[in-house]
Protein chains: 2
Amino acid sequence: MSGRERGAASAGFIATVGRQIRQRRQEQGWTVQELSDRSGVSRRMLTQIELGQANPSLVTVDRIAHALDSDFASLALPSPIPAAAGSSREALRVWSSAGGSEAALLTATDHVPRAELWHWRLAPGDTYQAEPDASGTEELHYVHAGELTITTGGAILRVRAGEAGRIRSDQHYAYHNDGPSWTEFTRVVVGA
Amino acid sequence: MSGRERGAASAGFIATVGRQIRQRRQEQGWTVQELSDRSGVSRRMLTQIELGQANPSLVTVDRIAHALDSDFASLALPSPIPAAAGSSREALRVWSSAGGSEAALLTATDHVPRAELWHWRLAPGDTYQAEPDASGTEELHYVHAGELTITTGGAILRVRAGEAGRIRSDQHYAYHNDGPSWTEFTRVVVGA
DNA sequence: TCCATATGTGCAGTATAGTGCTCATTCTGC
DNA sequence: GCAGAATGAGCACTATACTGCACATATGGA
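Throughout this document, residue positions are counted from 1 along each chain, in the order its sequence is written. Each chain gets a letter, beginning with A, and each ligand a number, beginning with 1, in the order they are written. For a predicted model such as this one, the threshold for reporting local features is a pLDDT of at least 70, and the threshold for listing and counting side-chain atom pairs is 80 or more; totals across whole chains, interfaces and linings nevertheless cover every residue. The side-chain values count all of the structure's non-hydrogen atoms but skip hydrogen atoms and water molecules.

Q: What exactly am I supposed to notice about the sheet that holds strand S10 (residues 173–176) of chain B here?
A: In any sheet, the strands associate via hydrogen bonds between backbone groups, in a parallel or an antiparallel arrangement. All names here are of chain B. One open sheet holds the 4 strands; their spatial order is S5-S10-S7-S8, and the pairing between them is antiparallel. Across the chains shown, the open sheet's two edge strands, defined by having one partner strand only, are strand S5 (127–130) and strand S8 (155–160). Here the strands of the sheet are splayed against their neighbours by 15° on average, with no regard to which way each runs. Strand pairing is assigned whenever DSSP detects at least two bridges linking the two strands. What counts as a helix is a DSSP run of H or I of at least four residues, what counts as a strand is a run of E of at least two, and both are numbered from the N terminus. Of the strand pairs in this sheet, strand S7 (residues 147–152) and S10 are connected by 4 bridges, and their pairing is antiparallel. Pairing of Thr151 across the sheet is with Ala174, part of S10. Inter-axis angles, ranging from 0 to 180 degrees, are taken between N-to-C directions of lines fitted to C-alpha atoms, where helices are fitted over the stretch in contact.

So this is what it looks like as structure tokens:
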């Protein structure tokens with residue numbers, strides 16, 4: 001890191017966090033000053049964070065999250081929250097590769113049972129290596145186009161367009177696109 | 001904020017983030033120096049972060065996350081998500097209307113937490129009236145094309161293409177396509 | 001034992017996160 | 001139009017995140 005770019009919105013997720021904070025504050029009907037009083041973070045800083053012009057520390061984000069009766073992680077995710085009625089929000093691109101492959105977290109539940117809805121695009125020949133998860137976690141897949149190869153614990157599962165797959169997630173696994181065209185699939189992650 | 005406690009592990013989640021980073025680094029078989037080179041964050045800072053003795057900024061955490069081929073949010077969550085062996089299943093057309101609308105159950109888990117993955121197609125002007133599910137059941141929606149209007153308990157939720165929605169489904173609810181074109185959406189039902 | 005590698009830590013310096021003032025602008029409602 | 005509330009932003013200042021170096025400790029292999 002020679003030149004340290006700063007001042008403006010550097011990373012995209014910083015803007016996401018800012019937008020999350022602003023929306024939740026407005027849902028509470030609070031002014032920036034009010035959130036400042038409740039969180040202990042200055043009004044000056046809050047406006048910059050909401051506009052994606054700051055690079056807050058974890059402690060600062062945590063103070064704000066607590067004041068909003070939320071938690072740190074959910075501010076980074078684009079999850080809505082309203083209890084009875086849902087809301088709409090844009091997807092969060094969580095992973096991408098040099099080849100153009102990408103994974104977007106579309107929406108998720110807040111608490112148990114945890115469920116996440118994803119959309120994935122894998123370029124021909126591309127691979128995604130995943131880490132094991134909490135015991136009992138499962139995944140559902142539905143392939144819209146191309147074909148998806150899932151390797152897990154020595155087993156190989158091939159899912160073609162129009163087919164569905166399911167895996168347990170207590171061990172290392174990986175997604176591969178061994179086909180000649182792009183693979184598109186929906187992924188649901190379910191935890192206890 | 002009179003006395004600002006610092007230097008030691010202040011918040012619990014900071015230690016969580018540190019542990020996550022250390023674990024993933026060791027899974028890669030990297031030394032701290034190696035992660036430092038790849039992420040652009042100094043070795044000095046990395047050790048403190050891993051030990052929960054630092055208060056890094058979002059950009060710093062993001063740099064580390066990218067070097068670990070991970071994402072920012074999952075480092076903050078104590079429980080990530082994926083991995084294991086599964087099976088494939090064919091889609092089941094559960095419902096259809098005279099107008100050509102249809103609902104297909106793509107796949108589902110066997111036991112708790114229950115989760116079902118659906119694909120729906122609603123013709124313009126078509127409606128589906130649903131019965132309440134078991135208490136605590138939730139639904140996630142992602143609209144691929146057109147727009148989806150969900151009415152539930154007097155509330156109206158409109159989800160457009162590219163947006164996501166969420167509702168509690170332990171009450172009467174209905175899907176409507178009020179738009180001029182076909183509506184296509186993915187639906188996830190999650191129960192306890 | 002000796003050497004090499006990996007990690008933890010003290011210290012000083014630098015870059016920047018964060019604060020508290022200030023004023024400008026916008027949007028209300030009167 | 002006017003007054004007040006709310007937000008956006010410039011500025012100087014303070015607190016601290018972050019760096020680089022040095023040194024200590026621990027582990028493992030020849």
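On we go from here.
Q: I'm lost on the pattern of salt bridges in this one. Help?
A: Two side chains of opposite charge can pair, provided their charged atoms sit close to one another. What makes a salt bridge here is a side-chain nitrogen of Lys or Arg within 4 Å of a carboxyl oxygen of Asp or Glu, nothing more. Enumeration according to the criterion identifies 17 salt bridges over all chains in this entry. The partner of Arg158 of chain A in a salt bridge is Glu147 of chain A, and the shortest N-O contact between them spans 3.8 Å. You can see Arg158 of chain A sitting in strand S7 (residues 155–160) and its partner Glu147 of chain A sitting in strand S6 (residues 147–152), a full 11 residues away along the chain. One salt bridge in this structure joins Arg158 of chain B and Asp178 of chain B, with 3.3 Å as the shortest N-O distance. In this pair, Arg158 of chain B is assigned in strand S8 and Asp178 of chain B in the loop between S10 and strand S11 (183–190), connecting sequence segments 20 residues apart.

Q: Is there a simple way to think about the packing of helix H2 (residues 32–39) of chain B against helix H4 (residues 58–67) of chain B in this case?
A: For any two helices packed against each other, one specifies the crossing angle of their axes together with the interaxial distance. Residue and element names in this part refer to chain B. Two elements in contact, H2 and H4, have axes whose closest approach is 9 Å; the angle formed by their N-to-C orientations is 105°. What the angle tells us is that H2 and H4 run roughly perpendicular. Together, Leu35, Arg38 and Ser39 of H2 and Arg63, Ile64 and Ala67 of H4 make up the contact between the two elements. Each residue belonging to the contact of H2 with H4 can be placed in one class, and the counts come to 3 nonpolar, 1 polar and 2 charged. Orientation categories follow fixed angle ranges, with anything under 35 degrees roughly parallel, anything over 145 roughly antiparallel, 65 to 115 roughly perpendicular, and all other angles oblique. Note on contacts: a residue pair is in contact if any heavy atoms of the two residues lie within 4.5 Å. For this scheme, ten residues count as nonpolar: Ala, Val, Leu, Ile, Met, Phe, Trp, Tyr, Cys and Pro. Four count as charged, namely Asp, Glu, Lys and Arg, and the remainder, Gly too, count as polar.

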